[in-house]
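Understanding the architecture of this molecule
Now for the letters of each chain:
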Amino acid sequence: MADEKTPDEGAAEKAGKWVAELAEKVMLNGVGPLSPSATWAEDRLARRQGNAYKTPDDEERRSPDDMKDDIDAVVARIIKESVAAAGTQGFVTGLGGLITAGITIPANVAASFAVNMRMAGAIAYLRGWDIRDPHVRTVVMMLAIGMSAQNVLAAFGVKIGQKIGEQMIKKIPIAVVRKINNKVGFFLIAKYGTRRAAITLAKGIPILGGIVGGAVDASATAIIGRATDRALRNGDLDAQEPK
């Protein structure tokens, strides 16, 4: 009898493509009631700054370093709002129907991924990362679903130290990016494939150690948000919540 923990390559490739497309859709275009990551981030920044707010194309807009306190506050708000969304089961379940066509991952899990991906994309945008770039989105996507981006990159021979920056990530060959997406697909199918849909996301994922639930619940979203911010702010892609 085949080991059900090992998905076939076709299913993994399909899941990897799905999650990469979901990341692109959610971060760049939005889905259902979720606005795109950058739009959401700019809206919250505008609310924070009031009359002092300048659009990204305004020459008088302050640099991210000069807006550090505002950006820190907006990131905290974005995490808080995402936790609230993840904790609203009706909202998450309703969103699931918009994004699960053709994939076997449960709707509530897929919808939670969407909530977390938009959050991670907004954090990346505010921290100065270019989420329009597929290399960057792949890294942000891994962080958003609780994978150790640093460990995955190392597994594909990407030479990294303790810290890694956006420019280094953009040098990764696109063929390697596709292989990494397949790795994400194996991860998703192994955890949430048809025969294993009841397994909790927390089991076996270092970044979510101790979190229990059949989906990425509110507590997990809070952990992912803080860890993603540390990773993208400090270049520590293996950032984990302290024990």
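Residues numbered from 1 in each chain as written. Predicted model: local features only at pLDDT ≥ 70, side-chain atom pairs only at ≥ 80, totals over all residues. Heavy atoms only, no water.

Under an unreviewed UniProt entry, the chain has the name EcsC family protein and belongs to Actinospica acidiphila.

1. So, the packing of helix α2 (residues 37-49) against helix α5 (residues 107-126)
Under the convention used in this document: For helices, the fitted line uses only the C-alpha atoms of the stretch in contact; every axis is such a line through C-alpha atoms, and the angle between N-to-C directions lies from 0 to 180 degrees. Elements are defined by DSSP. Helices are runs of H or I of four residues or more, strands are runs of E of two residues or more, and each kind is numbered from the N terminus. Helix crossings fall into two classes, left-handed where the near helix is turned counterclockwise from the far one by less than a right angle and right-handed where it is turned clockwise. The contact definition used throughout considers only heavy atoms, calling two residues in contact when any of these lie within 4.5 Å. In this classification, Asp, Glu, Lys and Arg are treated as charged, Ala, Val, Leu, Ile, Met, Phe, Trp, Tyr, Cys and Pro as nonpolar, and every other residue, Gly included, as polar.
It is the contact of α2 with α5, at a shortest axis distance of 8 Å, that shows an interaxial angle of 65°. Between α2 and α5 the crossing geometry is right-handed. Where α2 abuts α5, its residues Ser37, Ala38, Trp40, Ala41 and Glu42 lie against Met117, Arg118, Met119, Gly121, Ala122, Tyr125 and Leu126. Partitioning the contact of α2 with α5 into residue classes produces eight nonpolar, two polar and two charged.

2. Observations concerning the environment of Gly96
Here Gly96 lies in helix α4 (residues 89-99). C-alpha separation for the pair Gly96 and Ala114, spaced 18 residues apart in sequence, amounts to 8.5 Å. Here Gly96 is in contact with Ala107 and Ala111, once residues within four sequence places are set aside.

3. Here we look at the confidence of the model for the chain
Caution applies to low-pLDDT regions: their predicted coordinates should not be interpreted in detail. Convention followed: pLDDT expresses how confident the predictor is about each individual residue, on a scale running from 0 to 100.
Per-chain confidence: the chain averages 79 in pLDDT, with 77% of residues scoring 70 or above. Taken together, the stretch residues 1-5 has pLDDT below 50 and engages in four contacts with residues farther than four places along the chain or on a different chain. Confidence drops under a pLDDT of 50 for residues 194-215, and excluding neighbours within four residues, the segment shows 48 contacts in the predicted structure.

4. Thoughts on α2
To be explicit about the condition: Residue count minus one, scaled by 1.5 Å, sets the expected span of a helix. Throughout, exposure labels follow a simple rule: accessible area from a 1.4 Å probe, protein chains only, divided by the maximum for the residue type, with under 20% read as buried, over 50% as exposed, and the rest as partly exposed.
Here α2 spans 18 Å end to end across 13 residues, near enough to the 18 Å set by a 1.5 Å rise per residue. When we look at burial in α2, the residues that qualify are Ser37, Trp40, Ala41, Glu42, Arg44, Leu45 and Gln49.

5. A few points about the nonpolar core
What counts, and what does not: For the purposes of this section, nonpolar cores are sets of buried Ala, Val, Leu, Ile, Met, Phe, Trp, Tyr and Cys residues that join through side-chain atoms within 4.5 Å.
Counting 61 residues, the largest nonpolar core has Met117 and Leu188 as its most contacted members. Take this core: its biggest share by element is 13 residues, from α5. Apart from residues lying up to four places away in sequence, Met117 is in contact with Val19, Leu22, Ala23, Val26, Met27, Ser37, Met141, Ala144 and Ile145.

6. Let's talk about α5
The end-to-end C-alpha distance of α5, which contains 20 residues, comes to 29 Å, matching closely the 28 Å that a straight helix rising 1.5 Å per residue would cover. α5 sits mainly inside the fold: 17 of its 20 residues count as buried. Looking one or two places after α5, you find Gly128, whose phi comes out positive at around 95°.

7. Some details on the environment of Thr39
Mapping Thr39 onto the fold places it in helix α2. The class of Thr39 is partly exposed, set by a relative accessible area of 45%. Along the primary structure Thr39 and Leu28 are separated by eleven residues, whereas in three dimensions their C-alpha atoms are 8.7 Å apart.

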